[in-house]
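Per-entry structural report
The lines below spell out each chain.
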Amino acid sequence: MAQGALTAPDLPSQAELRSFARVAAHLLAEHPTPALGSRTVRRRAGLGLQHLDHRDYVAGDEIRHIDWRQTARRQRLIVRQFEAETSGDWFLMLDASSSMTTHDERKWHAAVCATTALSFALLELGHRVAVIGFASDVVAEIPPGRGARHFPAVVQTLRKIRPSKTGARSNLVACVRRLFGTASAFVLSDFLGPSELRPDLAALRERCVQLHALQTHDPGDLALAASGPVELFDVETGATAPAEPGARTESAARTAHAERVLRLRRFAARSGMAFSSWNVADPWQRVLLDHFVRARAA
Amino acid sequence: MMLFASPIWLLGLLTVPVIWYLHRRGPMLKRQPVASLELWPESLATAAQPGPRRRPDPVWRQRALVAALLSLALAGPRLHAPAERVTLWVDDSLSMQIAEGGKTRLQRGLDEVRGALSARSVSNVEVHTLSRPWQVWPSPDAALSALPTSAGEHEPRLPDPTRLDPSRSHWLVTDGADAWVNAWLAQSTVSRVFQTAEGSRNVGVAQLSARPQPTKDGGVAVQVILVNGGNQLETRRLQLSVDASLLDAREVSLAPGSTQTLSLAVRTTPSRIGARLTPADALAMDDAAVVDLASLESVATVVDPRCPAAVQRAVDAHPALRRVQGLRARLAFGCPRIEVPGADQVRLLAGQPATVPASEVRWRGGLEQGAPALPSTLPIMTGTGSSPRAGEVVLMEAGGRPLLTLKPGPPRIVECLVDFAAPEFETAKGAPLLLGYLADTALDETLLDRLARSGRGDDASRVLPLEKLSAPGRPVVGADDERSPVLLPLLLLALVVLAWDAIGTVRRLRRDYFAPVRTAG
């Protein structure tokens, strides 16, 4: 597999990545194959080579899939559908907004680790992997790629992303138009935005086959270290508000966070989205594996 | 009563409410960055609540105090009003008499001065004119009302600009059209200038002069100098009159700033000559000039009948001498003396005839150039005369013998030892010149070069301001003025409060931006 130089201490080691990939392979494979040589393929629409059916054209379909003969016959745009294969396209969307940088960028580093591990595991399974860093707009993008040679490019790009400390908001919908075909999407974000970015997730859900959302959470975001009155400064919006540090204030913050997580869970359940909340103090391996276990069971 | 030297600085007190407004949102709190304000519902609710108004940051009082103290200090508070004493210098030259908008420049300037004096409540005012700087009007009102009637008679006679009274504020009313006044202003300590000048058109008679002609039948040469003191091409009609009759009239065009000289010969010797420019302009005083020729009349001269014939002929031939009989004469030729009361005398002394070579004749230093030509052998009288006394001047000598001696008067007496009865003067032409010289010396004037003239010169008619004037000096604090006793304490107090506030601000900045941020996470 990839021999990318993972020298930075904040990125997983090769051993960790391989170990994680071995375990995750069973969870990420659509139909795990116990042995080489035989493969069961369930016929369903997807990205493949075998023609399966026709359907009406919708915005975002690739032009090359339009069946012009059927279009002429039915007097409307008709596209070909192909049989899905076990290997597909995965879009890993990494939140690079300013809220990910608070408290020594713990959330950001955790999300980068998880993205690295996910891309490694998915590439190991033969999927095409694309990585999109987003804030107010797309800040970095790696087009879909396959194979061992793609992983170093992913790592290099992840290293280059430098989230702005202030002023960069979360605008997930900026990534929606980057999706094409029948892709799967995995969003890593703290979802600290208007309505927990649920409208953006809904728009994203319509453009992909399956959607995973992993909410990073740092307990430090819910604590105030100062002793006297402080002025809270929203690093994304720049808004300020006075606050009196204390148990009551922090309790209210924890409650607000829990309610936000709960609203995201309910939204995920309604929209068929796999969702997990991740305390970044927890190891990324366990969080990702638990997430995929829950997603598979759902 | 508290007064302020620079009350404009009191506007700085308006910064006090501004400072309060800038601090109205309460004290500057330590800023803590958070991932999202939505995680802090209590804080958001507190900020959104109307609730009781937050108390402004108490540090606003310190900063308002600093601003107020600095404003008061800069305003220069004084417990007693400074008694400003003003010396007003009024340029009453001719150009100040030009009428602009119904008033002369002088009147307009004085009106401005009246307003300025009343605005500053100045009661101690001395008024001087530049034409007569030694004259002082003790009362400003009297001076301001008397000046317009006497102005324009003389051009400025400027006092020493470095010797103006340093304990008084000096103001100047001028139009800036006189280069000398402007230069005087630049060197002076005048602290305020009232420059009044709008109009820029004027043609004037700069000079009218008449010179008698050395001809048998007399006559005078008249010269008129016109000047265009404005900035436009002007055309005037010049009328020259002799006594009561018009002598000549001609059209004259003058370019801006230019002068033109017109000459005319008058065959007779009138008593007066006048020149007038028509139509008159805004400055009428220089549109006409009159010269009285009484001073050019020939000098009544009495000649002693004992004098040689050469003397008689020379006096008769002199165009500026007129022989009279009797005692009413200005000049008398005596041989050796004649009694004419009040008349200057030329005494031709008698003695033993002799001659001296002209090369031995020595004139007094400085007289060689203007001395008349002498015959190669000068006949003189010897054995008479006396040594010059103190105060007497030897004008000519030969071999140590005085030949011409001047006794300063009055009356002035010239004693001469030249023998005019000698044959050399019967034929030579030197007698009239030498006698003319004796007459000039006795009368102390050059009879053949007399000139009668009238006018104020080129600069008097120039009305165009040469420059925009500014006062070179600063207002002088009156001698009885005292420095503000509260200035230094106010400044010190402001500095202390400012330092106190600066220390607090530095501490706050260190706390908020330089101290490490600890989080509970």
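Note that the structure is a prediction, hence the values are computed from the model and not measured. (Residues numbered from 1 in each chain as written. Chains lettered and ligands numbered in written order. Predicted model: local features only at pLDDT ≥ 70, side-chain atom pairs only at ≥ 80, totals over all residues. Heavy atoms only, no water.)

**A look at the state of the cysteines**
Residue and element names in this part refer to chain B. In the structure shown here, the tally under the stated rule is one disulfide over all chains. Shown here is the disulfide that connects Cys307 with Cys335, its sulfur atoms set 2.1 Å apart. Residues Cys307 and Cys335 are joined by a disulfide whose S-S torsion is about 105 degrees; by sign, that bridge is right-handed. One end of the pair, Cys307, is in the loop between β17 (299–303) and α7 (309–317); the other, Cys335, is in the loop between β19 (331–334) and β20 (344–348), with 28 residues separating them in the sequence. When sorted by exposure, Cys307 lands in the same class as Cys335, which is buried. No disulfide involves Cys416; its nearest neighbouring cysteine sulfur is the one of Cys335, lying 9.4 Å away. (Disulfide = S-S within 2.5 Å. Helix = DSSP H or I, 4+ residues; strand = E, 2+ residues; numbered from the N terminus. Buried < 20%, exposed > 50% of the residue type's maximum accessible area, 1.4 Å probe, protein only.)

**A look at helix α9 (residues 430–443) of chain B**
All names here are of chain B. In a regular helix each residue adds 1.5 Å, so 14 residues correspond to 20 Å; α9 covers 20 Å between its end C-alpha atoms and thus fits that length. Summarising burial for α9: 11 of the 14 residues are buried, a large majority. Residues Gly430, Ala431, Leu434, Leu435, Gly436, Tyr437, Leu438, Ala439, Thr441, Ala442 and Leu443 constitute the buried set of α9. Positive backbone phi, approximately 60 degrees, marks Asp444, located one or two places after α9. (Expected span 1.5 Å × (residues − 1).)

**What to know about unusual backbone geometry**
Between Thr278 of chain B and the following residue, Pro279 of chain B, the backbone shows a cis peptide bond with an omega angle of -10 degrees. Residue placement: Pro279 of chain B occurs in the loop between β15 (272–278) and β16 (288–292). With an omega dihedral of 5 degrees, the bond running from Cys335 of chain B to Pro336 of chain B counts as a cis peptide bond. Its place among the elements puts Pro336 of chain B in the loop between β19 and β20. If you check the backbone angles, His103 of chain A has positive phi at about 55 degrees while not being a glycine. Taking relative accessible area as the criterion, His103 of chain A reaches 12% and is therefore assigned buried. With a phi close to 65 degrees, Leu197 of chain A is a non-glycine residue in the positive phi region.

**Things to note about a nonpolar patch on the surface**
Residue and element names in this part refer to chain B. On the surface, a cluster of nonpolar side chains totalling about 600 Å² of accessible area is made up of Ile8, Trp9, Leu11, Leu14, Leu70 and Leu74. Here Leu74 lies in helix α3 (residues 59–75). With a relative accessible area of 42%, Leu74 lands in the partly exposed category. (Patch = residues over 30% accessible without salt bridge, like charges linked within 9 Å, V, L, I, M, F, W, Y side chains within 5 Å. Areas by Shrake-Rupley, 256 points an atom, 1.4 Å probe, with all protein chains shown as cover. Salt bridge = Lys/Arg side-chain N within 4 Å of Asp/Glu carboxyl O.)

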